[in-house]
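In case you want the letters, here they are:
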Amino acid sequence: MLYIIVYVDNNNMSGAKKEIILVVDDAPVNVTLLKRILENAGYGVLMAGDGRQAVEITIESDPDMVLMDIDMPLLDGYSACRQLKENDKTSAIPVIFISALDSEEDKVQAFRSGGVDYISKPFYMDEVLARVKIHLTIRDLNKQLEDTNRILETRLEELTHSQEQLRDKESKLTAFVSALPNLSFVYDEDGRYLEILANETSLLLYRPEDMKGRLIDELMPMLEAKKMMDAIHQAITTGQTQVIEYKIPVLSGGEHWFEGRIAPMGQAQAGEKNKVVFIATEITERIKLYQEVQNLACQDPLTSCFNRRHFMNLASQELVRATRYGKHLSMLMLDIDHFKVFNDTYGHPAGDRLLCELVRLCQSRLRGSDVLGRYGGEEFIFLLPEINGEQAIKAGDRLRVEIAKLAFETSSGQQSVTVSIGAASNEQEGGQTPDLETLIRRADQALYAAKTGGRNCVRLWTPGMDEQERK
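Small disclaimer: the values here were computed from a predicted structure and weren't measured.

Participant: Explain the sheet that holds strand S5 (residues 117-120) residue by residue, including any values.
Facilitator: Spatially, the five strands line up as an open sheet ordered S2-S1-S3-S4-S5, and their pairing is parallel. At either end of the open sheet lies a strand with only one pairing partner, and these are strand S2 (44-48) and S5. Taking the axes of each pair of neighbouring strands and ignoring which way they run, one obtains an average angle of 20° across the sheet. Inspection of the sheet shows strand S1 (residues 20-24) paired to strand S3 (residues 65-68) by four bridges, in the parallel sense. The residue bridging Ile21 from the neighbouring strand is Met65, located in S3. Strand contacts of helix H5 (residues 125-154): S1, S3, strand S4 (95-99) and S5, with the helix running at about 175° to S5, the strand carrying the most contacts.

Participant: Account for the side chain of Thr148, with residues named and values stated.
Facilitator: Within the secondary structure, Thr148 is located in helix H5. Classification of Thr148 by relative accessible area gives buried; the value is 3%. Looking at Thr148, its side chain comes within polar contact range of the main-chain oxygen of Gln144, at 2.9 Å.

Participant: Residues and numbers for the pairing of strand S7 (residues 193-198), please.
Facilitator: Summarising the sheet, strand S6 (residues 183-188) and S7 pair through five bridges and their orientation is antiparallel. Along S7, the bridge assignment pairs Leu183 with Ala198. The hairpin formed by S6 and S7 contains four residues between the paired strands, and Gly191 there has a positive phi angle of roughly 85°.

Participant: An account of the pattern of salt bridges is needed here, citing residue identities and associated values.
Facilitator: Scanning the model with the defined rule gives 30 salt bridges in all. Measuring nitrogen to oxygen at the nearest pair gives 2.8 Å for the salt bridge that ties Asp117 to Arg131. Of the two residues, Asp117 sits in strand S5 while Arg131 sits in helix H5, which places them 14 residues apart along the sequence. Judged by relative accessible area, Asp117 falls into the buried class, the value being 6%. The class for Arg131 is partly exposed, based on a relative accessible area of 24%. With its nearest N and O atoms 3.3 Å apart, the salt bridge here joins Arg261 to Asp117. With Arg261 in strand S9 (residues 255-264) and Asp117 in strand S5, this pair connects stretches of sequence that are 144 residues apart. Exposure remark for Arg261: the relative accessible area of 24% places this residue in the partly exposed category. The network of salt bridges with shared partners includes Asp117, Glu127, Arg131, Glu259 and Arg261.

Participant: Run through the nonpolar core, naming residues and quoting values.
Facilitator: Of all hydrophobic cores here, the largest spans 30 residues; its most connected members are Phe380 and Phe382. For this core, the secondary-structure elements that each account for two or more residues are strand S11 (329-336), helix H12 (339-346), helix H13 (348-365), strand S13 (379-385), helix H14 (389-405) and strand S16 (419-425). Looking at this core element by element, the count peaks at seven residues for H13. Setting aside chain neighbours within four positions, we find Phe380 in contact with Thr303, Cys305, Leu332, Met333, Leu334, Leu355, Leu358, Val359, Leu372, Gly373, Arg374 and Tyr375. Grouped together as the second largest cluster of nonpolar side chains are 27 residues, Ala225, Ile232, Ile244 and Ala280 included.

Participant: An account of unusual backbone geometry is needed here, citing residue identities and associated values.
Facilitator: In this model, Lys121 is joined to Pro122 through a cis peptide bond whose omega is 0°. Inspection of the secondary structure assignment puts Pro122 in the loop between S5 and H5. Its identity is not glycine, yet Arg455 carries a phi of approximately 65°, on the positive side. Judged by its relative accessible area of 31%, Arg455 falls in the partly exposed class. Phi is positive for Asn456, which is not a glycine, with a value near 50°. With respect to the helices, strands and loops of the structure, Asn456 is situated in the loop between helix H15 (436-452) and strand S17 (458-460). Given a relative accessible area of 30%, Asn456 falls into the partly exposed group.

Basis of the calculations
- Residues numbered from 1 in each chain as written.
- Predicted model: local features only at pLDDT ≥ 70, side-chain atom pairs only at ≥ 80, totals over all residues.
- Heavy atoms only, no water.
- Pairing = 2+ DSSP bridges.
- Helix = DSSP H or I, 4+ residues; strand = E, 2+ residues; numbered from the N terminus.
- Axes fitted to C-alpha atoms, helices over the stretch in contact; angles between N-to-C directions.
- Contact = heavy atoms within 4.5 Å.
- Buried < 20%, exposed > 50% of the residue type's maximum accessible area, 1.4 Å probe, protein only.
- Polar contact = N/O pair within 3.5 Å; in protein donor to acceptor, adjacent residues only side chain to side chain.
- Salt bridge = Lys/Arg side-chain N within 4 Å of Asp/Glu carboxyl O.
- Core = buried A, V, L, I, M, F, W, Y, C linked by side-chain atoms within 4.5 Å.

Below is the structure:
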């Protein structure tokens, strides 16, 4: 086992006890960089190359804080943190995760394993130092509060003086929380608002004076109130910070998303209720961006119907369900007749408008359970759950007639188009239910039959149709 303690201090010459920080990372360049940052700020540094070594060093050397990577050999950061939190000797040492893993699931797992904060790589020097200082301050304040509680238990004759000390510590914690660029609350175990600290009151549900002393259940929407109360009780029961996301209407108008971090404020005295600190960060833009990215991953950028990849995923799931429960399932493949001629005659912008108008018409005629996707170019594919082949033909013909009635604006005035449609169903042929690839191939063969049969018609796949007949 190899580790290094560095006691060179350029910023702390007063002789006060140096705070020691253990840096854990299997990448030497990260360890070296963090070591230099922390030393320059006046901290002592311990180093470990994996989670197992980090646990051993922490138990032996009792550092003031651990900066922990996640993805490491022998023992990952999550497991190492849990081992520290399960050990009475090391459970109070704050662990900040520094990792390149940046998904919401990774962050939630980090906090569930006992971490107090999460810094994403690549990190910034000022951010690392700020968060280290914040959590060392919280740790010190918690220790001071715990010391005050022990004094109250053993020295009842100094009750008045001890209460003054406790109020002083609480005021420091309140001042610290109020300096954060977030909404901050103090709740008791019943969900009662004890303190409300908000630099931006427009992000509150009500005015602070109308909230203080009230219960979460009285003010919050029912589902959000339950989510918050569950997190408060979990934080008090486990002693661990809880992280939730919730959406509420605010004074400034509209609904906003928030990330809430709930941490217990130490063990309550006899006859008192437990308390928690609740830090809420507004994350509406982050949620909107995530939703936009999700939509872009699923939608065709021109027509806004599902793209081919997402359609195939949905169709595969629906076919499994239909097969399992013995339900009918049909597919339509639609192609715009002479679309290339339309594009060449009226231009690609007119062709794009035609595709968008056609999709809007089809979506307005589909059932809620039907699925529409762009298969490629001017071809579109429809999934019709609980529809047999005969019904699919009728549905396709209704779409064909409606589309033929549409008038599209072009440089030469209003024009109309026709479509050819091929249909196929999952009705068994030869005692075997077709898979998704077979179902799509059959719909494509039926579409080819419709186009070679004069266009502007609907054809249902039959066993006599042979894909090899294509020219």
